[in-house]
Amino acid sequence: MVLDAEGVSHIPPHLSFQEAATLPCAGLTAWRALFEEAKVQPGDTVLVQGTGGVSIFALQFAKLAGASVIVTSSSDEKLERARALGADHTINYRSVPEWGKVAAEWTGGGVDHIVEVGGKDTFSQSLEAARVGGTILVIGILTGASQQIAISSLFAKNLHVIGLSVGSRRMFEAMTRAIGRNGMRPVIDRVFSFDAVPDAMRLMQHGGHFGKIVVEFA
């Protein structure tokens, strides 16, 4: 295959092709959110919603940067797995619907950076969780677009709300350097053959995965 050199990048040598396939979308979005937009520093607090691909990458990257991470999920089993990856605090949002207040209290004043993937069912709680001057990084609307936003909360807390998706080649290569130097491995929940794509889609639709789902074409 002949490709334009500007259209390809090296992958970390310790990763399999399956692991590398998770990087260009979910990995890059999480990297850009934390380091290009939020400028996460050691000692910061980061909240990630759920345990899908972007959120788990954000957990891993934030821990590499020396941040403390809060993870929300409706599954205690998934929260246990998140703790094994380094999560400092976990909240089951089914048993604790007002998780934003709990997260703010745990940090002693509010979360520095929130990776917002939900939309209308989660944004109000993100506003509650954020500290004054905090950042909400909107990278998904899994529960639909928010119909109403509490402008007063944005104003009162002086919040930075940033919408983003994926990133540039420069960002990608900064990410892969960090992954390579730290020996980090993406989390793959399951690998499906190409003829099992419907099963993979059903798993994603029901939110049964932890990390990424991979489909092999070979």
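Everything below is about the structure printed above this text.
Residues numbered from 1 in each chain as written. Predicted model: local features only at pLDDT ≥ 70, side-chain atom pairs only at ≥ 80, totals over all residues. Heavy atoms only, no water.

Enquirer: Whenever I open this one, the packing of helix α2 (residues 23–37) against helix α3 (residues 53–64) confuses me. Can you help?
Expert: When two helices pack together, their arrangement is given by the angle between the helix axes and by the axis-to-axis distance. Their axes nearest at 8 Å, the elements α2 and α3 cross at an angle of 50°. Put simply, α2 runs oblique to α3. Every pair of crossing elements has a handedness; the one defined by α2 and α3 is right-handed. Packed against α2, whose contacting residues are L23, A26, G27, T29, A30, W31, L34 and F35, the element α3 presents G53, V54, F57, A58, F61 and A62 at the interface. When grouped by side-chain class, the residues that make up the contact of α2 with α3 number eleven nonpolar, three polar and no charged. (Axes fitted to C-alpha atoms, helices over the stretch in contact; angles between N-to-C directions. Helix = DSSP H or I, 4+ residues; strand = E, 2+ residues; numbered from the N terminus. Parallel < 35°, antiparallel > 145°, perpendicular 65-115°, else oblique. Left-handed = near helix turned anticlockwise from the far one by under 90°. Contact = heavy atoms within 4.5 Å. Nonpolar A, V, L, I, M, F, W, Y, C, P; charged D, E, K, R; others polar.)

Enquirer: Please explain the packing of α2 against helix α8 (residues 169–182) as it appears in this structure.
Expert: For the pair α2 and α8, interaxial distance at closest approach is 9 Å and the crossing angle is 90°. The pairing of α2 with α8 is recorded here as roughly perpendicular in orientation. Between α2, through L23, P24, G27, L28, W31, R32 and E36, and α8, the contact on the second element is made entirely by R170, M171, F172, A174, M175, T176, A178 and I179. Its residues assigned to classes, the contact of α2 with α8 shows ten nonpolar, two polar and three charged.

Enquirer: Looking at this model, I keep getting lost on α2. Mind explaining?
Expert: Helical geometry: 3.6 residues make up each α-helical turn, so side chains three or four residues apart lie on a common side. Given a rise of 1.5 Å per residue, 15 residues ought to cover 21 Å, yet the end C-alpha atoms of α2 are separated by just 18 Å, more than 12% below that figure. In terms of residue burial, α2 counts as a mostly covered element, since eleven of its 15 residues are buried. All of the buried residues along α2 are L23, A26, G27, L28, T29, A30, W31, R32, A33, L34 and E36. (Expected span 1.5 Å × (residues − 1). Buried < 20%, exposed > 50% of the residue type's maximum accessible area, 1.4 Å probe, protein only.)

Enquirer: Looking at this structure, I do not really get the side chain of T45. What am I missing?
Expert: By the element assignment, T45 lies in strand β1 (residues 45–49). Not counting residues within four places of it along the chain, the set of residues in contact with T45 comprises S68, T107, G110, V111, D112 and H113.

Enquirer: Explanation requested: the environment of E37 in the structure shown.
Expert: You can see E37 is positioned in helix α2. Given a relative accessible area of 26%, E37 falls into the partly exposed group. Sequence separation of E37 and G53 is 16 residues, and the distance between their C-alpha atoms is 19 Å. Apart from the residues within four sequence positions on either side, E37 is in contact with R32, L137, I162 and L164.

Enquirer: Any chance you could explain the pairing of strand β4 (residues 111–116) here in plain terms?
Expert: The side chains of a regular strand alternate between the sheet's two faces. Burial analysis of β4 places six of its six residues in the buried class, the great majority of the element. Judged from the three bridges that link them, β1 and β4 form a sheet pairing that is parallel. Across the sheet, residue L47 finds its bridge partner in β4, namely I114. One ladder, built from five bridges, connects β4 with strand β5 (residues 130–138); its direction is parallel. Its bridge partner being in β5, H113 is matched across the sheet by T135. (Pairing = 2+ DSSP bridges.)

Enquirer: Got a minute to help me understand the side chain of T72 in this structure?
Expert: Residue position: T72 is located in strand β2 (residues 68–73). On the basis of relative accessible area, T72 is assigned to the buried category, the value being 2%. With sequence-adjacent residues up to four places away left out, T72 is seen in contact with L47, V48, Q49, G50, L79, I91, Y93 and W99.

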